[in-house]
Amino acid sequence: MRMRRYGLAVAGALVLGTGGTAWAGEADLEVHGSAVLDRGLMEVRLSPRDHGPDALSGASVRLRWSAALADAQRLPAGCARTGDREVVCGTGPLAVDEPGEQLVVPVRLRERPSEVTLSVDVAWSGGVVDHDRTNDTQRVLVLATGDPYVF
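Residues numbered from 1 in each chain as written. Predicted model: local features only at pLDDT ≥ 70, side-chain atom pairs only at ≥ 80, totals over all residues. Heavy atoms only, no water.

K.L.:
What am I meant to see in the sheet that holds strand E9 (residues 103–108) here?
P.N.:
In any sheet, the strands associate via hydrogen bonds between backbone groups, in a parallel or an antiparallel arrangement. Here we have 4 strands laid out as an open sheet, ordered E9-E5-E4-E12, and antiparallel in their pairing. Where the open sheet ends on each side, the last strands, each with one partner, are E9 and strand E12 (149–150). Taken together, the 2 bridges between strand E4 (residues 29–38) and E12 define a ladder with antiparallel strand orientation. What sits directly across from Ser 34, in E12, is Val 150. (Pairing = 2+ DSSP bridges. Helix = DSSP H or I, 4+ residues; strand = E, 2+ residues; numbered from the N terminus.)

K.L.:
Even after reading the chapter, I still don't get the state of the cysteines, so can you show me in this structure?
P.N.:
Disulfide: a covalent bond formed between the sulfur atoms of two cysteine residues. Using the criterion set out here, one finds 1 disulfide in the structure. Between the sulfur atoms of Cys 79 and its disulfide mate Cys 89 the distance is 2.0 Å. Residues Cys 79 and Cys 89 are joined by a disulfide whose S-S torsion is about 110 degrees; by sign, that bridge is right-handed. Separated by 10 residues along the polypeptide, Cys 79 in strand E7 (residues 79–83) and Cys 89 in strand E8 (residues 86–90) bring together distant segments of the chain. (Disulfide = S-S within 2.5 Å.)

K.L.:
Looking at this structure, I do not really get empty space enclosed by the protein. What am I missing?
P.N.:
One way to see where empty space is left: roll a probe the size of a water molecule over the atoms. One pass over the full model with this rule turns up 1 cavity of 30 Å³ or more. Around the largest cavity sit Leu 29, Glu 30, Val 31, Pro 48, Arg 49, Ala 59, Ser 60, Val 61, Thr 91, Leu 94 and Val 122, which together line it. (1 Å grid on protein atoms, 1.4 Å probe; cavity = no way out; pocket = protein on both sides within 12 Å on 5 of 7 lines; lining within 4 Å. Points joined across faces, edges and corners; volume = space filled by probe spheres on them.)

Written as structure tokens, this is what we have:
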């Protein structure tokens with residue numbers, strides 16, 4: 001769906017171009033995965049998906065922990081630490097109704113907690129409009145058992 005309007009710009013929904021503005025598209029993003037916590041090490045596996053109607057050149061997901069991360073981290077390419085308890089990762093391109101590339105994000109926590117709450121949400125959707133934001137955020141309580149917790 002394409003729409004042109006002149007003299008009007010809405011942040012996140014329209015992209016400025018020469019001679020006016022153009023609609024950036026629509027997508028319904030969601031992220032599911034699993035997390036394992038064992039001896040202060042947590043591995044998060046994420047599977048992003050775009051339910052369309054438009055494909056995306058990329059999006060970003062934010063991971064937040066209820067416990068502080070250790071100072072030194074070895075994050076995968078495409079991920080960056082953005083706070084004491086937060087990491088943001090790029091998804092890469094997302095085709096409509098096809099699973100995106102799985103992201104594996106291992107982190108070391110500062111302490112060895114017996115449990116951690118993990119929040120995962122879509123931080124940036126590539127400039128498209130997502131009318132269904134209900135599936136953009138996931139929260140899971142992960143116990144330090146070494147077992148995977150699915151969200």
